[in-house]
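Given next are the chains, with one letter for each unit.
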Amino acid sequence: MKIVVVAPYKAKVLKSVEALEKVNLGDVKLIGCIDTINQVISEERIKIRSEIIDATEEELIIKTKDIIDDDTVIVFDQVDEFIQKKIICNDKMYNIDEDINYFYTIDIPDIKNFIFVSNHSKKRHLDFDDKKKAILSIFEFMNGLGIKKSNVAVLTDKLTKTDILEVNLIRMILKEDVCKNVNIISPCRIDELFSKKYYNNIYDKNINLLIFKNYDITQTFINTLGLFSNNKIASICSYENKLYIDASNQYDERNILFSILLTSKYLNDQRRIKIFNKELNALFLSKEIL
């Protein structure tokens, strides 16, 4: 497995690379300003053996494209979103937000299964077609992780007839797409979701996919969960089945590693993933990288 880390100028990202080397998940390469990378390594006393490819900001696109392929796990750190898109999307810049899906995988200790959250774009308002695309995109990713059934909750702040109509439209469209393993429950409020006194709660209904009204509400939910240190949150982007990780908005190296772990698993490196997960847990228990 090839892992390419682009412009890793923050300590949390370089500490993630250090942890990756300890468990030998794959061939890790760093690309960016070598002086800046070495300065952070020295200041934070980080030990890294991986190859560092020196590149100016102007050279990042060409040099990164030269070393990646469809099976590469790409991790961006201090990289402008425009540059990320140029690398991932092959310079296709027209309406690019329509084709990128932003999703999260959440590991909450009190809940037995992963919780997935999906946004088809960063638009302030997502219509039912956007939500349908968000469901289809992340369901493919869930399948790659071995999760074959999706119970979807479409969340709202207050239940209206429009919300009910929208959910029914999504059900109808997904039925046409022959998505038999996607079950959409009735729309519900976020306060109902985590309370067992409500019928459509996350525990009894085995809900594993959440769809919010827009990207901003999604971010508020994710940021709130991030305040609790026991939760792990993987943040992954997908464009035409090409996965990549934007580490700049992740809380710490623990979540960055979790994102890399899931991306690697999706890319079918099962045997080494099991070893990685076992050794990663040992590292966390020993607090070597915390």
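Residues numbered from 1 in each chain as written. Predicted model: local features only at pLDDT ≥ 70, side-chain atom pairs only at ≥ 80, totals over all residues. Heavy atoms only, no water.

Student: So what's going on with the packing of helix 1 (residues 11–23) against helix 9 (residues 253–266)? Which residues, and what values?
Tutor: The geometry of a pair of packed helices is captured by two quantities: the angle between their axes and the separation between those axes. Direction vectors running N to C along helix 1 and helix 9 enclose 55°, while the axes themselves pass 9 Å from each other. The angle between the axes of helix 1 and helix 9 places the two elements in the oblique class. When the axes of helix 1 and helix 9 are compared, the crossing they make is right-handed. Contact residues: helix 1 offers Lys 12, Val 13, Lys 15, Ser 16, Ala 19 and Leu 20, while helix 9 offers Glu 253, Ile 256, Leu 257 and Ile 260. (Axes fitted to C-alpha atoms, helices over the stretch in contact; angles between N-to-C directions. Helix = DSSP H or I, 4+ residues; strand = E, 2+ residues; numbered from the N terminus. Parallel < 35°, antiparallel > 145°, perpendicular 65-115°, else oblique. Left-handed = near helix turned anticlockwise from the far one by under 90°. Contact = heavy atoms within 4.5 Å.)

Student: Talk me through the nonpolar core; I want residue IDs and the actual numbers.
Tutor: Among the nonpolar cores identified, the biggest contains 50 residues, and Ile 3, Leu 30, Ile 135, Phe 141, Ile 184 and Ile 260 are the most heavily contacted of them. Among residues more than four places away in sequence, those in contact with Ile 184 are Ile 135, Val 152, Val 154, Val 167, Ile 170, Arg 171 and Leu 174. By size, the runner-up hydrophobic cluster in this structure holds 22 residues, among which are Ile 67, Ile 74, Ile 100 and Tyr 239. (Core = buried A, V, L, I, M, F, W, Y, C linked by side-chain atoms within 4.5 Å. Buried < 20%, exposed > 50% of the residue type's maximum accessible area, 1.4 Å probe, protein only.)

Student: A description of the layout of surface pockets should follow, citing residues and the corresponding values.
Tutor: The space that makes up the largest pocket amounts to roughly 370 Å³. Residue lining of the largest pocket: 20 residues in total, with Ile 190, Phe 194, Phe 221, Thr 224 and Leu 225 positioned closest to the centre. Looking at the lining of the largest pocket, the elements with two or more residues in it are strand 7 (150–156) and helix 8 (215–226). With 5 residues, the single largest contributor to the lining of the largest pocket is helix 8. (1 Å grid on protein atoms, 1.4 Å probe; cavity = no way out; pocket = protein on both sides within 12 Å on 5 of 7 lines; lining within 4 Å. Points joined across faces, edges and corners; volume = space filled by probe spheres on them.)

Student: Could you give me a rundown of the environment of Lys 29, with the residues and numbers involved?
Tutor: Within the secondary structure, Lys 29 is located in strand 2 (residues 27–32). Considered as a pair, Lys 29 and Val 5 are 24 residues apart in the sequence and their alpha carbons are 6.3 Å apart. Residues within four places of Lys 29 in sequence aside, it is in contact with Ile 3, Val 4, Val 5, Glu 51, Ile 53 and Ile 67.

Student: Go over the pattern of salt bridges, please, and point to the residues and values.
Tutor: Under the definition given, this model contains 9 salt bridges. Between Arg 49 and Glu 21 there is a salt bridge, and its shortest N-O distance comes to 3.9 Å. Taken together, the residues span a long stretch of sequence, with Arg 49 in the loop between helix 2 (34–44) and strand 3 (51–54) and Glu 21 in helix 1 at a distance of 28 residues. Given a relative accessible area of 9%, Glu 21 falls into the buried group. Residue Lys 29 pairs with Glu 51 through a salt bridge whose shortest N-O separation is 2.8 Å. (Salt bridge = Lys/Arg side-chain N within 4 Å of Asp/Glu carboxyl O.)

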